Amino acid sequence: SFANLRIHPHGLVLVDLQSYNDHTKGREETDQLLNKVEERMKEFFHGNLKRVKRLPAIVRGGVIDRYWPTADGRLVEYDIDEVVYDEDSPFQNIKILHSKQFGNILILSGDVNLAESDLAYTQAIMGSGKEDYTGKEVLILGGGDGGILYEIVKLKPKMVTMSNIDQMVIDGCKKYMRKTCGDVLDNLKGECYQVLIEDCIPVLKRYAKEGRMFDYVINDLTAVPISTSPEEDSTWEFLRLILDLSMKVLKQDGKYFTQGNCINLTDALTLYEEQLSRLYCPVEFSKEIVCVPSYMELY
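Everything quoted here is computed from the prediction, not taken from an experiment.

Parameters at a glance
- Residues numbered from 1 in each chain as written.
- Predicted model: local features only at pLDDT ≥ 70, side-chain atom pairs only at ≥ 80, totals over all residues.
- Heavy atoms only, no water.
- Buried < 20%, exposed > 50% of the residue type's maximum accessible area, 1.4 Å probe, protein only.
- Helix = DSSP H or I, 4+ residues; strand = E, 2+ residues; numbered from the N terminus.
- Pairing = 2+ DSSP bridges.
- Phe/Tyr/Trp six-rings, centres within 6.5 Å; stacked < 30°, edge-to-face > 60°.
- Axes fitted to C-alpha atoms, helices over the stretch in contact; angles between N-to-C directions.
- Salt bridge = Lys/Arg side-chain N within 4 Å of Asp/Glu carboxyl O.
- Domains from an automatic or database assignment.
- Parallel < 35°, antiparallel > 145°, perpendicular 65-115°, else oblique.
- Left-handed = near helix turned anticlockwise from the far one by under 90°.
- Contact = heavy atoms within 4.5 Å.

### Let's talk about the pairing of strand β1 (residues 2–7)
Alright, step 1. Within β1, only 0 of the 6 residues are buried, which leaves it mostly out in the open.
Alright, step 2. As defined by bridge partners, β1 adjoins strand β2 (residues 13–18) across 6 bridges and the pair is classed as antiparallel. Counted as the bridge partner of Asn-4 is Asp-16 from β2.
Alright, step 3. With antiparallel pairing between neighbouring strands as the criterion, β1 and β2 make up a hairpin whose turn holds 5 residues, including Gly-11 at a positive phi of roughly 110°.

Here's what the structure looks like:
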């Protein structure tokens, strides 16, 4: 162990204690030591301390990584107690970690995607219970966790088509995210749904060429879109390409649902809305704010 004491001219005193403890007893000893340090500081300052703040220990180098940033760059420590699944696919790193609060959490290339606790996310991206999917044609872009597919199938649609590029995401989720996806990922075809293991861009182009139309298109692609052959340089160009292609397969009175971003990222949200005015056809849009439990932020 070693300690670092810094005293700043304006009165700030920082004490950092770093210690290698791989057992509970060692952490308890560290806490006892810090208690003594705090008592001694109060004695030195004769009770004139304005504020004393002790931060929880940051655990580094552990087998389980519990720290994941929010969309707006704040560091959050999750109560992760188990690595359930950790594999690299040809497209991304796929992790499923277990949280005591949120259940299993799907993390794709460091981005928290969805936890078993996050039905609020799935409900929001389906229209928050305001839509009637009975007898409707639905296209899901991405959605590898199976949550949207599972919830829509319950509503008796005519047909749901899901296009997801990464078979390994589906394989991991159908085994370890069953509270989210139920049994819909066990087979790639069901009575009223089919799952295509394909990049969504060729799928959209094919459907547009065939003249196939949908009542709903739901974009649940990862935060940074994945394509086997990116056709545009920037993320915004890519997103607009997805939007334009989606509009071409959407019925005149159809609806397109997608996630936005953390509400603190006002510039990014404004830029997204600007893209909607640059599509090949005019569109109207609305938005809502939802608290997604495992994101620990409003989206």
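### Structural notes on the packing of aromatic side chains
Alright, step 1. Counting across every chain of the model gives 8 aromatic pairs.
Alright, step 2. Measuring from ring centre to ring centre gives 6.2 Å for Tyr-78 and Phe-102, while their planes differ by 70°; the resulting arrangement is edge-to-face. Here Tyr-78, found in the loop between β4 (75–77) and β5 (80–88), pairs with Phe-102, found in the loop between β6 (93–99) and β7 (103–108); they are 24 residues apart in sequence, far enough to count as distant.
Alright, step 3. The class for Tyr-78 is buried, based on a relative accessible area of 3%.
Alright, step 4. The buried category is assigned to Phe-102, whose relative accessible area is 10%.
Alright, step 5. Between Trp-236 and Tyr-272, the aromatic rings sit 6.3 Å apart at their centres with planes inclined by 70°, giving edge-to-face as the arrangement. Of this pair, Trp-236 sits in helix α7 (residues 235–248) while Tyr-272 is found in helix α8 (residues 266–276), placing the two residues 36 residues apart along the sequence.
Alright, step 6. Three or more aromatic residues joined by ring pairs form one cluster here, namely Tyr-121, Tyr-295 and Tyr-299.

### Details of the sheet that holds β5
Alright, step 1. The strand order across the open sheet built from 4 strands is β5-β6-β7-β8, with neighbouring strands paired in antiparallel fashion. Looking at the sheet topology across the chains shown, the edges are occupied by β5 and β8 (111–115). Going from strand to strand, the sheet's axes swing by 25° on average, the running direction of each strand aside.
Alright, step 2. One ladder, built from 6 bridges, connects β6 with β7; its direction is antiparallel. Across the sheet, Ile-96 pairs through a bridge with Leu-106, a residue of β7.

### Topic: the pattern of salt bridges
Alright, step 1. If you walk through the whole model with that rule in mind, you get 17 salt bridges.
Alright, step 2. In this structure, Glu-77 and Arg-66 form a salt bridge, with 3.0 Å as the shortest nitrogen-oxygen distance. Taken as a pair, Glu-77 in strand β4 and Arg-66 in the loop between α1 (24–44) and β3 (67–69) lie far apart in primary sequence, 11 residues in all.
Alright, step 3. On the basis of relative accessible area, Arg-66 is assigned to the partly exposed category, the value being 24%.
Alright, step 4. With its nearest N and O atoms 3.5 Å apart, the salt bridge here joins Glu-137 to Arg-212.

### Digging into the domain arrangement of the chain
Alright, step 1. Along its sequence, the chain is organised into domain 1 (2–45) and domain 2 (117–277).
Alright, step 2. For domain 1 and domain 2, the distance between their C-alpha centroids amounts to 50 Å.

### Focus on the packing of helix α6 (residues 200–210) against α7
For any two helices packed against each other, one specifies the crossing angle of their axes together with the interaxial distance.
Alright, step 1. One can describe the packing of α6 onto α7 by two numbers: an axis separation of 9 Å at closest approach and a directional angle of 30°. With respect to α7, the axis of α6 lies roughly parallel. For the pair α6 and α7, the sense of crossing is left-handed. Residues Cys-200, Ile-201, Leu-204, Lys-205 and Ala-208 of α6 form the contact with α7, whose own contacting residues are Phe-238, Leu-241, Ile-242, Leu-245, Ser-246 and Lys-248.

### Some points on the sheet that holds strand β9 (residues 137–142)
Alright, step 1. Spatial ordering of the open sheet is given by β11-β10-β9-β12-β13, a layout of 5 strands whose pairing is parallel. The sheet is open, and its two borders are formed by β11 (193–196) and β13 (250–258), each paired with just one other strand. Averaged over all pairs of adjacent strands, the angle between strand axes in this sheet comes to 15°, irrespective of strand direction.
Alright, step 2. Across 5 bridges, β9 lies against strand β10 (residues 159–163) in parallel orientation. The residue of β10 that forms the bridge with Leu-141 is Ser-163.

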